[in-house]
Structure formats: C-alpha cells, structure tokens
Amino acid sequence: MASIKVYFENVKQEEYLSSNDFYQVKDAVKFCEGSWYSSTTSKWSLDLTERTLEKLKFYMQKDKYDKYKEMLIKIQKVEVPQQFSFLYEFQKEGIKKLSARKILLCDEVGLGKTLQTAAFCEIMKFEKILIVVPAPLKYQWKEELLKHFNQESTIWEGTFLERKKIFNNFSMSSIKYFIINYEQLVNKNAFLNEEKWDFIILDEVHRVKNNKSIANKFVRKEFKGIRKVGLTATPLVNNLRELFTIANLLSDNTFMSWPTFENAFCVREIIHRRNPKTHDIEELNVIVNYKNTENFYKKLSPFMIRRKKNEVLAELPTRIYKEIRFDLNEIEKKKHGEFIELAKNAWKNDDAENILKYITHARQCCNSLEILPDELKVDAASSKIDALKAELEEIDDKVLIFTQFEKMARVIAREIGENKSVIISGATENKLEEIKKFKDSNLQYLISTDTLNYGVNLEFINKLIHFDLPWTPAKVEQREGRIDRITQQRGMLITKLIAKDSFDEHVANVIEKKKEIFQLAVDGTKEMTKLYFEKDK
C-alpha cells in the first residue's frame, strides 16, 4: 500500500493548508493506513477521521484519495460475509471491533483469537501480513489459515541464506501470510522491513512485554507506522508497566507517554542498595508498586477486546478442541526414523513383540528422548515440551495433563515447575488424597498417566492437554470424561500436542477418522500398526 505520508512530506504545509487542518489531515491519513490515532473515544476518532478525510480531495491525487476513502468506509462499516458463517457471533463482533482500531485481542484461551484475526485480514483484503508467533505455534497458524480460509502461508526457517531466499520468493508471490517466530526478530533480519506489510499480528504478544528485549526493540524500529494487533489471553503477566509497554509497542508509542504513566500509576520509594562494583551505598528512587489500576484499564479498554468464556458460554459447544502440530528437531527425527525402520522390518517378519517395542520407542521420541531406555537415551531438547510450555503461557487456570508414560510425567513436572504440579501414576498410593490436595491448593498442573481414566470426577478442571494420545478413541474419551461431568459448569478446552510427520501424527489422524470402527476400539495397538505400515499399499 502506497504511503500518503510521503506525499505530505514533499509539500509545504503553509501553501496548501492551515496548520491545524494540515495536522488533522495527517492524522486522518495515519488512521487509514494503519498508524495509531489518539482520541478520547474510538467513535469520536472515527467521526473526526471521516470529516477530515474529505479535505484530502483537494490536496492529493484522486486515485490515492479514493483508495483511502474506500478503506475508511470498510473500517467503519465492516460486515462479516456469509463464507465465514462458521464463526460464532461473539467472534464476528470481535472482527468488527478489530476494524474499529483495537490493538489488543485478549479473549480467554479457546475463544478463537487466531480465527478472528485471520478472518479480519481476509475481510480487509490485506495483501501482505506478517505473523510473529512463538516457534511451536508456527505450523498451527499455517494449518488454521489453510483449513478455514483456504490460504497458503510461508513459514520462515532454515539458515540465513535459506531464509533470505524464502523471503524473496514470498515477496514476489501472491501468498499473503508470512509466519516467523520471535527469536527471528534480530538485527541481521532487518531486511524484513523491505516488504510493504499491510498488517502485523503479534501472537502471544506478552513475549515482548519488556521494552529492553531484542524483539521489542526490533518491532519498534523496523515496523514503525505499520498497523499491528497483539493477541494474548494473559495481557497482564506481572505488572502494569508490562501492559503499558505492550500498548505503546502496538500503538507506535502514542498510547500514553512515560511521564503520564509514571505520575498516574506508579508508586516510587527511596531505597538504599550497595553498588556491587564500588561497594558504596547508593540511594535509588525506584518503582515499588502500582496504583489506580482500575483507571489504567479504563484508559486501555477502548482499544482492547476481552471476552471470558462465561460471557459467551451459551454460544460455545461443551468441548472446544485444539490441535498443536509441531516439528521434531533433527535429533528427534533421526531417532524416530531409526525406530520406524526397525518396526517395519519386524512387521515384515511378523515379529509382534518387537513391532510394539519399536513403535513405543518411536512414540517416546515424539515426547522426549530422555524417556527412552537408558541404553538408548540421547541428550537433546524436547520439541513437545517446548510446545507445551508455549500453550501453558496462555493459561492461568488449573490444567489436567495426560501422558501414557510415567517417566514422561516426571519430566513434564520438572520442566513446567515441580512446585506447581502434582503427579498421579500407578505408583500413587492415595490418588483421591492427592486430587484433594491439588484442588484445595494454588497448584496449577495435575499430571497423570492413564491411571486416572476411570471413576474420578475432576469437574473443577476445565482444561485438558493430551501430551500424547492413547491407542484407542475409547481411552481418549475416558480421559476427557474426567472433566466432562454432569456438574461441569464451564466450557472445556481440550488440546492435543502432535508431532508432525511421525507415528504420533498417524495415531492422531487415524483415531479421528476411525472413531466408529469397532476393531480400533477393541484392539487399537494391532489395528493402528497395521494401518500405519499398509498405508502406502
């Protein structure tokens, strides 16, 4: 999209407009092309923009005026077309609010922030959209765009030279969506600003809550003046300053000045601290707390969308399902492939015992190489643990995590916080006592093997994560039945973590397709293995 700001920079304002009119028109143009426009209420800014934009007829080329005028009308009167009938009413309302200059979409987990934002991009007919996400979510975005909007997207990965080539190919293609992760927002990738981005989506935007972080500085420097929206279920992680930083990042530092924020919302005190280098006692004036929190949210609320599940429960299904598909790292891929080859050979030789053994090892590779038998263990990071951590960042509620492997349960607890977790396995002596301890405490994660599949009521939890899937749909249903009770008062979010191009993915796909097949429910292991090795015939 051509920049009208360049046009204004090339004329002398005194010759064409009064000073006041000139800046009003500049504000109108900035509003239309995606920069922040500050006002007392969003409705007032829309009305003012519509009036002042009329003045542009006399001061710019007709085609440029028509383009921006058309876009403004879309912003004010956006309608959700029939092709997006799969969206809930509250999601359609969210799209309309995005069109009214909202910069933060903070719906609770499971309410479809990805769908709303992508639908908004489609309706606005943006031509080039940059999506920045935590690395484990890149393929989830790609699949959502393809599944719901039939839109291909480009994922940025590989070496520096490979990424440069991918970027150049994207720029010359008709593909609209370019997906990168936060770790790629570094100076050597500054050429990202060579693309004329119409819109930038920052998913899990709390990742840039620190204004001194490399990613935050990159966005401020390289993407200034480009319209942005931040997605997060947890807009306030630690303190108001982080939310202030996020709002200013998304608004190009026009949401609120630092002196205004400091005076109105910060509590300072004089403290004394020893300088670690000189060992002298220093007197420091530091922020120790925050005040007037309610007033801060009043300032931010015109520019933020926030819906909770209990507010839209009547529209939602009882269970909301979410799949996170991610890539294994190279070491995991290699080990997984080795065990699959061994299993194939055992299959050819009708060696039932070794088929199951090697398939189990392949599935363990999809979880963590750490849980392989001692003689097979390899020291490598777990891609699935990374995907789990990214998902848990959005959740500030109690979560039930299921895994088939007791050793994996211990690894999960260690990685996400043993001080936040309770583990229940076959070795747990008093399961009900452990559940009560979990329910009555501030502990957040209940990690269980399938020992909890039967007869336990966990209706106080409404979020379940399948870290790995059991062999049969019946066992999947038994897991989910722990939280789906007649006394469950909330909608449930059920998430599956699935390693792409692996036996892990095969299990997930076949369970979904074959839920009604009796043999799969009765003899899942045998049928699943048969389907895998005969799939190419």
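This structure is a prediction, so every number in the text was calculated from the model and none was measured.

Trainee: Could you give an account of the environment of Asp198, naming the residues involved and the relevant values?
Mentor: One can find Asp198 in the loop between strand 4 (177–181) and strand 5 (199–203). Along the chain, Asp198 and Ile129 lie 69 residues apart, while their C-alpha atoms are 6.0 Å from each other. Within the structure, the side chain of Asp198 is placed 2.7 Å from the backbone nitrogen of Glu127, a separation counted as a polar contact.

Trainee: Go over the pattern of salt bridges with me, naming the residues and quoting the values.
Mentor: All told, the structure shown has 32 salt bridges when counted by the stated rule. For Asp252, the salt bridge is made with Lys228, and the minimal N-O distance between the two is 2.8 Å. Of this pair, Asp252 sits in the loop between helix 11 (240–250) and helix 12 (258–265) while Lys228 sits in strand 6 (residues 228–231), and the two are 24 residues apart along the sequence. Among the residues examined, Asp252 registers a relative accessible area of 19% and is labelled buried. Classification of Lys228 as buried rests on a relative accessible area of 1%. The closest approach of N and O atoms between Arg325 and Glu323, which form a salt bridge, is 2.8 Å. Taken together, the salt bridges that share partners define one network made up of Glu143, Glu323, Arg325, Lys500 and Glu505.

Trainee: So what about the sheet that holds strand 15 (residues 492–499)? Which residues, and what values?
Mentor: Pairing within the open sheet is parallel, and its six strands lie in the order 10-15-14-11-13-12. If you trace the sheet from one side to the other, it starts and ends with strand 10 (319–326) and strand 12 (421–424), each paired once. Averaged over neighbouring strand pairs, the angle between their axes works out to 20 degrees when direction is ignored. Against the sheet, helix 19 (residues 431–439) touches strand 11 (399–402), strand 12 and strand 13 (445–448), its axis set at about 165 degrees to strand 12.

Trainee: Account for the nonpolar core, naming residues and giving values.
Mentor: Counting residues in hydrophobic clusters, the biggest one holds 63 residues, and the most contacted among them are Ile131, Ile201, Leu388, Ile401 and Ile412. The element that contributes the greatest number of residues to this core is helix 7 (residues 113–124), accounting for seven residues. Leaving out residues up to four positions away in the same chain, Ile201 has contacts with Thr117, Cys121, Ile129, Leu130, Ile131, Val132, Trp141, Val229 and Leu231. Formed by 40 residues, the second largest nonpolar core is a distinct cluster that contains Trp156, Trp197, Leu202 and Phe223.

Trainee: Go over helix 9 (residues 160–172), please, and point to the residues and values.
Mentor: Residue pairs spaced three or four apart in an α-helix point in one direction, given the helix's 3.6 residues per turn. Spanning 13 residues, helix 9 covers 19 Å between terminal C-alpha atoms, matching the ideal 18 Å at 1.5 Å per step. On the buried face of helix 9, the contacting elements are strand 3 (153–155) and strand 4.

Trainee: Which residues make up the packing of helix 7 against helix 8 (residues 138–149), and what are the values?
Mentor: It is at 11 Å that the axes of helix 7 and helix 8 come closest, and there the two elements cross at 60 degrees. Judged by the inter-axis angle, helix 7 sits oblique to helix 8. Along this stretch, helix 7 crosses helix 8, giving a crossing that reads as right-handed. Where helix 7 approaches helix 8, its residues Thr114, Leu115, Thr117, Ala118, Ala119 and Glu122 are matched on the opposing element by Trp141, Glu144, Leu145, His148 and Phe149. Its residues assigned to classes, the contact of helix 7 with helix 8 comprises six nonpolar, three polar and two charged.

Trainee: I'd love a proper account of the confidence of the model for the protein, names of residues and values included.
Mentor: Per-residue confidence for the protein gives a mean pLDDT of 80; residues scoring 70 or more make up 80%. Predicted confidence for residues 72–76 stays below pLDDT 50, and this span has 15 contacts to residues more than four positions away or in other chains. Confidence over residues 516–524 falls short of pLDDT 50; this stretch has 12 contacts with residues more than four positions distant or in other chains.

Trainee: Just give me the short version of the packing of aromatic side chains, but keep the residues and values in it.
Mentor: Taken as a whole and assessed by the stated rule, the structure comprises 27 aromatic pairs. With a centroid separation of 5.8 Å and an interplanar angle of 80 degrees, the aromatic rings of Trp156 and Phe191 are classed as edge-to-face. Here the residue Trp156 occupies a position in the loop between strand 3 and helix 9, and Phe191 occupies one in the loop between strand 4 and strand 5, the gap between them amounting to 35 residues. Relative accessible area serves as the criterion here: at 0%, Trp156 is assigned to the buried category. The class of Phe191 is buried, set by a relative accessible area of 8%.

Conventions we followed
The residue numbers shown here count from 1 along each chain, following its written sequence. Where totals are concerned, whole chains, interfaces and linings use all residues; where local detail is concerned, this predicted model gives features only for residues with pLDDT of at least 70, and gives and counts side-chain atom pairs only at 80 or more. Hydrogens and water molecules were not included; the side-chain quantities draw on all heavy atoms of the structure. Helix and strand assignments follow DSSP, with helices taken as H or I runs no shorter than four residues and strands as E runs no shorter than two, numbered in order from the N terminus. Distance and chemistry together define a polar contact, namely a pair of N or O atoms within 3.5 Å, with one atom able to donate a hydrogen and the other to accept it when in protein, and with adjacent residues in sequence counting only for side-chain atoms on both sides. What counts as a salt bridge is simple: a side-chain nitrogen of Lys or Arg found within 4 Å of a carboxyl oxygen of Asp or Glu. Between buried and exposed lies partly exposed: a residue is buried under 20% and exposed over 50% of the maximum accessible area for its type, with that area taken using a 1.4 Å probe on protein chains only. Two strands qualify as a pair provided that DSSP identifies no fewer than 2 bridges between them. Between the N-to-C directions of two axes lies an angle of 0 to 180 degrees, each axis being a line fitted to C-alpha atoms and, for a helix, fitted only over the stretch in contact. The contact definition used throughout considers only heavy atoms, calling two residues in contact when any of these lie within 4.5 Å. Residue types Ala, Val, Leu, Ile, Met, Phe, Trp, Tyr and Cys, when buried and joined through side-chain atoms within 4.5 Å, form a set referred to as a nonpolar core. Helix span is expected to be 1.5 Å times the residue number reduced by one. Oblique is the label for any angle not covered by the other classes, which are roughly parallel (under 35 degrees), roughly antiparallel (over 145) and roughly perpendicular (65 to 115). Two helices cross in a left-handed way if the nearer one is turned anticlockwise from the farther one by less than a right angle. They cross in a right-handed way if the turn is clockwise. Just so you know the grouping, Ala, Val, Leu, Ile, Met, Phe, Trp, Tyr, Cys and Pro go in nonpolar, Asp, Glu, Lys and Arg go in charged, and all remaining residues, Gly too, go in polar. On a scale of 0 to 100, pLDDT captures the predictor's confidence in every residue. A pair of aromatic rings is counted whenever rings of Phe, Tyr or Trp (Trp by its six-membered ring) have centres within 6.5 Å, and the orientation is called stacked for planes under 30 degrees apart, edge-to-face for over 60 and tilted otherwise.

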